[in-house]
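As a plain string of letters, each chain reads:
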Amino acid sequence: MARLKVGILISGRGSNMQALIEACRKPDFPAEIALVISNEPAAAGLARAAEAGIATRVVNHRDFNKDRPAFERALTAALEAAGVAFVCNAGFMRILTDTFVARWRDRLINIHPSLLPAFPGLDTHKRALAAGVRLHGCTVHFVRVAVDEGPIIVQAAVPVLAGDDEATLAARVLAAEHRCYPLALKLAAEKRLRVENERCVIDGAPAQEAVLINPPPLLG
Ligand code: GRF
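**Student:** What's the story with the site of the ligand in this structure? I'm lost.
**Tutor:** Around the ligand sit Arg13, Gly14, Ser15, Asn16, Gly91, Ile111, His112, Pro113 and Glu177, and those are all the residues in its vicinity. Take Glu177: an N or O atom from its side chain is 2.6 Å from an oxygen atom of the ligand. When the free accessible area of the ligand is taken as 370 Å², the share hidden by the protein chains comes to 85%. Contributing elements (two or more residues each) for the shell around the ligand: helix H1 (15–25) and strand E5 (108–112).

Following this line, the structure appears as structure tokens:
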């Protein structure tokens, strides 16, 4: 079967991008990365992608005089020119308009470092620590116009441990992100995802009944 051609949008270090690139290196993986685009010329992820032999482009939003639709037309033009059929946002820090979201509807996914709908937006680890939650995690979801909303594809939960600070918690969540994003892309590329009433249905997903309890129930 032809592999799904994927474009990745980044703004920064690109560790999730790297996880997707590595997954796509496996010969039986149903997707390939056709293009990485960064809106930030200095994004470290650009060098990582180039090292992996992936085509890269910079589409700098500052070149568009605050004309968001024009910036997004340039993104779509670059993606289309590369034959991209599916887009993964991986630490892409621009808010997208309804036109871009509609163009790529149900072909555009994002990864967010919290168990949505808890903690949308920025500083998720700091806010999770401040709220005192015992479980935190990450979410891969289809992109909608409302930021960090949209049908949920994959989530992973991790414990918040005594003594955690933002850095240790972020690292634990990031390791989970690197497992969730390739899984979500694989499910999409295998055409196993359907959006029904704004919920994502996964064809053929095995039941998962493991329970993560934090703290572990070891008391008396
Ligand atoms: C990740 O935590 C991702 O969930 C969020 O931004 C961060 C990007 O990190 N959207 P990286 O660039 O993938 O390393």
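We are not done yet, so read on.
**Student:** Where do I start with helix H2 (residues 44–51) in this structure?
**Tutor:** Residues lying three or four places apart along an α-helix face the same way, a consequence of the helix completing one turn every 3.6 residues. Those residues of H2 lying buried are Gly45, Leu46 and Ala49. Buried residues of H2, viewed axially, fall in a sector of 105°; they line one side. Among the structural elements, strand E1 (4–10), H1, strand E2 (31–38) and strand E3 (56–58) are those in contact with the buried residues of H2. At the exit of H2 stands Gly53, carrying a positive phi of roughly 80°.

**Student:** I tried to follow the pattern of salt bridges on my own but got confused; where do I start?
**Tutor:** Between side chains of opposite charge, pairing is possible as soon as their charged atoms come close. Counting across every chain of the model gives ten salt bridges. With a closest N to O distance of 2.7 Å, Asp164 and Arg172 form a salt bridge. Lys186 is the partner of Glu190 in a salt bridge, and the nearest nitrogen-oxygen pair spans 2.9 Å. When its relative accessible area of 28% is taken as the criterion, Glu190 is described as partly exposed. A cluster of three or more residues bridged by salt bridges with shared partners is formed by Arg105, Asp106, Arg144 and Glu198.

The rules we used
Residues numbered from 1 in each chain as written. Predicted model: local features only at pLDDT ≥ 70, side-chain atom pairs only at ≥ 80, totals over all residues. Heavy atoms only, no water. Near = heavy atom within 4 Å. Polar contact = N/O pair within 3.5 Å; in protein donor to acceptor, adjacent residues only side chain to side chain. Areas by Shrake-Rupley, 256 points an atom, 1.4 Å probe, with all protein chains shown as cover. Helix = DSSP H or I, 4+ residues; strand = E, 2+ residues; numbered from the N terminus. Buried < 20%, exposed > 50% of the residue type's maximum accessible area, 1.4 Å probe, protein only. Arc of directions from axis to C-beta. Contact = heavy atoms within 4.5 Å. Salt bridge = Lys/Arg side-chain N within 4 Å of Asp/Glu carboxyl O.

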